[in-house]
Every structure is written in structure tokens, then in C-alpha cells.
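Per-entry structural report
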Amino acid sequence: MDSAGQAVIAEVLEVIEKRTGTALESFAAEVGSDDPVAVEGGRTRWEVGGRCPEGIRLVRAPAGIREFDPADMTIRVGAGTPVEELDAALAEAGQRANLPLVSGATVGGVLAVGRDDVYALGRGRLRDALLEAVYVADDGRLVKAGGPTVKNVSGFDLCRLLVGSLGTLGLVGEVILRTWPRPAARLWMAGQCDPAELRRKLYWPCSILWDGLTVWLHLEGHESDVEAEAAVARSLGCETVDGPPPLPECRVPAAALEAQEFRGRYLVQVGTGSAYVSEPVPLPEPDPAVVALHRRLKAQFDPRGRLNPGRDPLAAT
């Protein structure tokens, strides 16, 4: 590329950077530093962890894709960007982000709720997708956590702390996400077999769901790998199906089912510690040490309790 072309690219990047900075500064100014405030996304999980008080002042995070170089396998987006819009942009480059595709949800919203989807066994946890976050602190300052590379942290990882915090530690305005190649082949299978044996004999299953009788299995990757894994699954009694079963509405720790005889419909997400149930079940009380740690973190990050008041990450399921 000649010098004229490089100059054009540099100019475009400078304009994008200025616009991004302006959007974040405007977001921080809107959040302010005094009264209680809550950030609003797509409201798809609006009541997880408790409701915000009536009449609370609501703000929206900046939206839009700021920067994307497929070769870097990272993407910078405003936290208010719909996850479906992000996925469509990444699909054009043959990539994906490890974010649940919840219709109407925003990037910041799914990160704040912190729920892994049914593919967590093979794709990894949601928190692993977040490399950098710019958030507004309780005093109105913009704070950057993490960095735009996979090995981006020396010491405490604030990005992982923000995932699942329900916006109670900081209101996220912009993030850099790690991306992965989209799999060449994907396959759902189901059958009446032992989920533990299925997991033990497969190299890298992406998802295993079990309702106490039937197992649903998701495989993805290179075509030859998926074919080989499918052959193993067939030998254990699985056959190809159109997709997974409908997920029951309530998400709970799998341990909640082990502690009692549950009579409703359930679906265990094997290997992740999560389950879905058709009706709420009593949850075990959190460890007092965990409760104390949460209180210390809240006191450190938001001593006045003005960020997303009424929400409690310990109550989120």
C-alpha cells in the first residue's frame, strides 16, 4: 500500500476514534456522579437478580461496531449493540462471538447477566469472550479494564468481575470481544444413553443436555471431526435430530436438583453445573464467605449503591 492509501486509512481510523471517544464521554456524562441510575438494554432479562426501583433514571449504552479486523479475531463494539447485529457482522467474515443469541438482547446486557448458553461445554464460558471493557464508575469516571489481546491481564482480571455483575459494579459502555471461526459443520443428535459415558467417549462435545431419560448432543467443528464423533455417538444409541428440545424457563444450579426430589420437567446441562427446570426450586443459601466478598466488592466499587440499585448478582439464576 502506498503512502497515500496509508494516510487515508489513518484518517478514517482517527475519525472513528474521535466518534467512539465522544460517544463514551456522552454516556459517562449521562450517567453522572450523583443520583441512582440504571442502564437499559433490550430488557430480555430485566428482572434477573431483582427489580430496579420504580422511577429510577435509565440510560442506554452506546451502540454500533467500532472496529473489526478479522485477522486479529477481536471486535470492538458499543455495549448497546444488539447481539443479533453483532452476529450478522461477524458471520460475513466467517466468525462468531461466544455470546448467547437472545433475540432483542444487547451485548452489554448478556455480559451483565452473565448466563452461558447451551454450548458452554465446548465453546467455553461467556466470561472468556470479554477481553476489554470501558465502563462508567460510580463517580462518573470512565475506566478501562483488560486489553485487546488474549493474554491481557497481569494481576486481578476486572473484565471477569464485570461479567454477571448485573451492572452493580460499573455501567459498561464499550467492549472488545474475542472471536472464533464459525464451525464448518454442526450436528444435533439425541438418544437414550448414559450422558456420562457419552461425554467420556467423545473428544470435544459442544453440548450435552439430559432430561433423565433422553440425551441431546451437539457437535461442531471440521466436517471429518464431526463425522467421526457422530459415529461414536451412534454406537451409543444416538441419532440425528433437527435440534435441541425447548429449554424450561427457570435456570438453576444443577446441585439444586440433587438436593431434593424434583417432580417437574428438567434439563441438565452436563458438565457446566447448570440445569433448566419448569418451575422454581429452592436454592441453597450462598456461602457466608461468598456473601461477605460480594459486599466488600460492592462497597469498593459502588459505596453509595447508585449503580443498578435493586439488583443482586447472588440472587441471579
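Just so you know, these numbers come straight off a predicted model, no measurement behind them. (Residues numbered from 1 in each chain as written. Predicted model: local features only at pLDDT ≥ 70, side-chain atom pairs only at ≥ 80, totals over all residues. Heavy atoms only, no water.)

A short note on the overall build of the chain
Our working definition: Segments assigned H or I by DSSP are reported as helices when at least four residues long, segments assigned E as strands when at least two residues long, and all are numbered from the N terminus. Accessible area is worked out with a 1.4 Å probe on protein chains only. A residue is then buried under 20% of its type maximum, exposed over 50%, and partly exposed in between. Only heavy atoms matter for contacts: two residues are in contact if any of them lie within 4.5 Å across the pair. Computed by Shrake-Rupley with a 1.4 Å probe, the accessible areas treat only the displayed protein chains as cover when residues are assessed.
From N to C terminus, the chain includes nine helices and 15 strands. Per-residue burial for the chain yields a buried fraction of 45% across its 317 residues. Expressed as a percentage of contacts within the chain between residues at least 6 apart in sequence, the contacts between residues at least 24 apart total 67%. Element-wise, carbon and sulfur atoms account for 52% of the exposed surface of the chain, whose accessible area totals about 16,300 Å².

Regarding the side chain of R306
Heads up, the rule is: The definition of a polar contact used here is a pair of N or O atoms within 3.5 Å, where within protein one atom must be able to donate a hydrogen and the other to accept one, and adjacent residues in sequence count solely through side-chain atom pairs.
Tracing the chain through its elements places R306 in the segment after α9 (288-301). At 3.0 Å, the side chain of R306 and the backbone oxygen of V31 are in polar contact. The residues contacting R306, other than those within four sequence positions of it, are V31, G32, S33, D34, D35, P36, V37, R57, A137 and D138.

Regarding unusual backbone geometry
Unlike most non-glycine residues, M73 shows phi in positive territory, near 55 degrees. We classify M73 as partly exposed; its relative accessible area is 28%. One non-glycine residue, N308, adopts positive backbone phi at about 45 degrees. By the secondary structure assignment, N308 is in the segment after α9.

Here's the deal with the sheet that holds strand β13 (residues 250-253)
This is how it is decided: One bridge is not enough; two strands pair if DSSP finds at least two bridges between them. Orientation is described by lines fitted to C-alpha atoms, with helices fitted over the stretch in contact, and by angles between N-to-C directions that extend from 0 to 180 degrees.
Ordered by their spatial adjacency, seven strands build an open sheet running β12-β9-β11-β10-β14-β15-β13, and the pairing between neighbours is antiparallel. The strands lining the two open edges of the sheet, one partner per strand, are β12 (239-241) and β13. Each adjacent strand pair in this sheet contributes to an overall mean axis angle of 30 degrees, direction not counted. Bridging between β13 and strand β15 (residues 274-277) involves four bridges; their strand directions are antiparallel. Residue pairing for β15: R251 is matched across the bridge by Y276.

Structural notes on the nonpolar core
Test applied: Within this scheme, the nonpolar core is defined by two criteria: the residues are buried Ala, Val, Leu, Ile, Met, Phe, Trp, Tyr or Cys, and they are joined through side-chain atoms within 4.5 Å.
Ranked by size, the top nonpolar core spans 39 residues in total, and within it L86, L99, V107, V175 and L177 carry the most contacts. For this core, the elements supplying multiple residues, two or more each, are α1 (3-31), β4 (74-78), α2 (83-91), α3 (107-113), β6 (130-136), β7 (142-146), α5 (158-162) and β8 (171-181). For this core, the element with the most residues is β8, which contributes five residues. Excluding residues within four positions of it along the chain, L177 makes contact with M73, T74, I75, V77, L86, L99, V107, L111, A129, L130 and L131. Ranked by size, the runner-up nonpolar core spans 26 residues in total, among them A185, A230, V270 and A275.

A closer look at the pairing of strand β9 (residues 185-191)
Along β9, six of the seven residues are buried, which leaves the element largely enclosed by surrounding structure. Strand direction decides the pairing type here: β9 and strand β11 (residues 215-221), joined by seven bridges, are antiparallel. What sits directly across from A190, in β11, is W216. The sheet contact formed by β9 and β12 spans three bridges and is antiparallel. Note that in β12 the partner of A190 across the bridge is E239.

Here we look at the pattern of salt bridges
So the rule is basically this: Salt bridge, as applied in this entry: a Lys or Arg side-chain nitrogen positioned within 4 Å of an Asp or Glu carboxyl oxygen.
Summed over the entire model, instances satisfying the criterion amount to 20 salt bridges. A salt bridge links R51 to E47; its shortest N-O distance comes to 3.1 Å. Residue class for R51 comes out exposed when judged on its relative accessible area of 58%. A residue is classified by how much of its surface remains accessible, and E47, at 49% relative accessible area, is partly exposed. Linking K144 and E132 is a salt bridge whose minimum nitrogen-to-oxygen distance equals 4.0 Å.

Keep in mind these numbers describe shape, not what the thing actually does.
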